[in-house]
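Structural overview for review
Listed below are the residues making up each chain.
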Amino acid sequence: MKEERKSLGLYVHIPFCAKKCDYCDFYSLPSAENRMDDYVQALETQLFEIAPRAEHHVVDSVYFGGGTPTLLGSKRLVRLLKSIQKKYYVTKDAEITLEANPESAGDFKELRALRRAGFNRLSLGMQSADDGELRSIGRIHTAAQVKTAVGAARKAKFTNLSLDLIYGLPGQSLETWQKNLTAAVDLAPQHLSCYGLKVEDGTPLFRRRESERFPDDEAQAEMYLWTVDYLHRHGFFQYEISNFARTGFESRHNLKYWTLGEYAGFGPGAHSDFGSVRYAYEKDLEGYIAGVKAGGPLLSENERIPPLDRDTEWIMLGLRTVWGLEPKVFENRFRRRFNCFLPFLDKCRQTGYAVEEDGRWHLTPKGFLVSNQIIGGMLDALGEDKKCREEARARGDFRVDLK
Ligand code: SF4
């Protein structure tokens, strides 16, 4: 009988940035040209080492994220992609994404070399179309450089382009956000990610938060709901809280996270969910390079998760997407009834936060705005159900179980 191969996504973290942005808490270091070759060597070694574990998988998504992957330059990026293509079974239609910042993606020849090597999706960190707003969050590019990068990407024949934007920036109004989003749509991307600004502890923006004028929650909610409506009217399908795409251009990489698919990450800080084990590498570039040489980089997380214990994740991640939760899938996958959620979901329906459609429960845009509270309510219902089942089992009553 022919073996059915499982699909796998690969994530390669490139932790270099020209300058740290004021709001960023990702693991990235100011560009260290003198460490790039050693780092690429370490990544390649580890890609080769992990490959045998993926021999029964097909790789249908490869994502180079960061940091700013384009800082590595096309030669190093192509070398890494070729190593992946050599050692993994990468499908012909695999989505191969490169994240880039506008100031490092304006060279058409570099982009053409990358596209010819197999990269077929470019994700650009646009963030705003207003130079003042860009400066206010410590971005080093300008709105003009976004246009140049998009032009270069088109000329290099990238036909799948994604733009990242942030709303809720210091001093931003609904009107200025509308201008940003309109400018982004005018650039004709296939995909848009629109994130609300989070002021993370430990960042420069956090330290000066008292002196900044951020739009309040109500203003941010207005920006979000306008975004959903505007993008819908312009042919973008909302498939997740913050992600919108033309039909067929949903990010395969992102969907792996939200549907509990398997992915293997490489590089300091990269996470994996592969072979029923969830693990992550320490956020330490030098430690990673030395660790690979010594037989394996240090892990900051390493946990084997039995399939039946993934119900919490399934609910949390499923509710982020427009496909929501399908009771039948829950019951087959976790061998328990979905009924415990119905009273809470019904309340959400009455308040306009959720709907039941085609046998699935999913959140509305208004519900996405309060998704954390809704997920909290769902997890309370799940916890209550588990408690009842344990008590029933202790009494010797197994009728509460489906099987
Ligand atoms: S470019 Fe991206 S990863 Fe680098 S500092 Fe800015 S937000 Fe962070």
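To keep things clear, this report deals only with the structure shown in the data block. In this text, all values refer to a predicted model and were calculated from it rather than measured experimentally.

1. Re the overall build of the chain
Across its full length, the chain carries 15 helices and 16 strands. In terms of overall size, the chain behaves like a compact globule, its C-alpha atoms giving a radius of gyration of 22 Å where 403 residues would be expected to give roughly 22 Å. Expressed as a percentage of the 403 residues in the chain, the buried residues total 51%. Contacts spanning at least 24 positions in sequence make up 71% of the contacts within the chain whose residues lie at least 6 apart.

2. Thoughts on the site of the ligand
Around the ligand, the surrounding shell consists of Cys17, Lys19, Lys20, Cys21, Tyr23, Cys24, Phe26, Ser28, Gly67, Thr68, Asn101 and Arg139. The residue makeup of the shell around the ligand, split by class, is 5 nonpolar, 4 polar and 3 charged.

3. Considerations on the packing of helix 1 (residues 33–50) against helix 10 (residues 285–293)
Taken N-terminus to C-terminus, the directions of helix 1 and helix 10 make an angle of 50°; their axes are 9 Å apart at the nearest point. One element, helix 1, and the other, helix 10, form an angle in the oblique class. Of the two possible hands of crossing, helix 1 and helix 10 adopt the one that is left-handed. Each of Arg35, Asp38, Tyr39, Ala42, Leu43, Thr45 and Gln46 in helix 1 lies in contact with helix 10, whose residues at this interface are Leu285, Glu286, Tyr288, Ile289 and Val292. Considering only residue class, the contact of helix 1 with helix 10 consists of 7 nonpolar, 2 polar and 3 charged.

4. Side note on unusual backbone geometry
When glycine is set aside, most residues are seen to have a negative phi, and most peptide bonds are trans. Cis geometry is adopted by the peptide bond preceding glycine 67, which originates at glycine 66 and carries an omega value of 15°. With respect to the helices and strands, glycine 67 occurs in the loop between strand 4 (57–66) and helix 2 (74–87). In this model, leucine 260 sits at a positive phi of 60°, which is unusual for a non-glycine residue. Position of leucine 260 relative to the elements: it lies in the loop between helix 9 (252–258) and strand 11 (262–266). A relative accessible area of 13% places leucine 260 in the buried class. Positive phi is not limited to glycine here, since arginine 335 has a value of about 55°.

5. Brief notes about a negative patch on the surface
Taken together, the side chains of Asp216, Asp217, Glu218 and Glu222 make up a negatively charged region of the molecular surface. By the element assignment, glutamate 218 lies in helix 8 (residues 217–233).

6. Considerations on the pattern of salt bridges
Within the structure shown, the criterion is met by 23 salt bridges. In this structure, the salt-bridge partner of aspartate 273 is arginine 310, at a minimum N-O distance of 2.5 Å. Of this pair, aspartate 273 sits in strand 12 (residues 271–274) while arginine 310 sits in the loop between strand 14 (299–304) and helix 11 (311–318), placing them 37 residues apart in sequence. Across the pair, arginine 310 and aspartate 273 agree in class, each one buried. Linking arginine 278 and glutamate 313 is a salt bridge whose minimum nitrogen-to-oxygen distance equals 2.7 Å.

7. Some words on the packing of aromatic side chains
Throughout the structure, instances matching the rule amount to 19 aromatic pairs. The interplanar angle of 75° and the centroid separation of 5.9 Å between the aromatic rings of tyrosine 279 and tyrosine 281 together place this pair among those described as edge-to-face. We classify tyrosine 281 as buried; its relative accessible area is 4%. Ring plane angle 75° and centroid distance 5.6 Å describe the contact between phenylalanine 330 and phenylalanine 338, whose orientation is recorded as edge-to-face. Here phenylalanine 330 and phenylalanine 338 have matching classes, each one buried.

Rules of the game
- Residues numbered from 1 in each chain as written.
- Predicted model: local features only at pLDDT ≥ 70, side-chain atom pairs only at ≥ 80, totals over all residues.
- Heavy atoms only, no water.
- Helix = DSSP H or I, 4+ residues; strand = E, 2+ residues; numbered from the N terminus.
- Rg over C-alpha atoms; globule rule 2.2 N^0.38 Å.
- Buried < 20%, exposed > 50% of the residue type's maximum accessible area, 1.4 Å probe, protein only.
- Contact = heavy atoms within 4.5 Å.
- Near = heavy atom within 4 Å.
- Nonpolar A, V, L, I, M, F, W, Y, C, P; charged D, E, K, R; others polar.
- Axes fitted to C-alpha atoms, helices over the stretch in contact; angles between N-to-C directions.
- Parallel < 35°, antiparallel > 145°, perpendicular 65-115°, else oblique.
- Left-handed = near helix turned anticlockwise from the far one by under 90°.
- Patch = residues over 30% accessible without salt bridge, like charges linked within 9 Å, V, L, I, M, F, W, Y side chains within 5 Å.
- Areas by Shrake-Rupley, 256 points an atom, 1.4 Å probe, with all protein chains shown as cover.
- Salt bridge = Lys/Arg side-chain N within 4 Å of Asp/Glu carboxyl O.
- Lys, Arg positive; Asp, Glu negative; His and termini not counted.
- Charge placed at Lys NZ, Arg CZ, Asp CG, Glu CD.
- Phe/Tyr/Trp six-rings, centres within 6.5 Å; stacked < 30°, edge-to-face > 60°.

These values are about where atoms sit, not about what they do.
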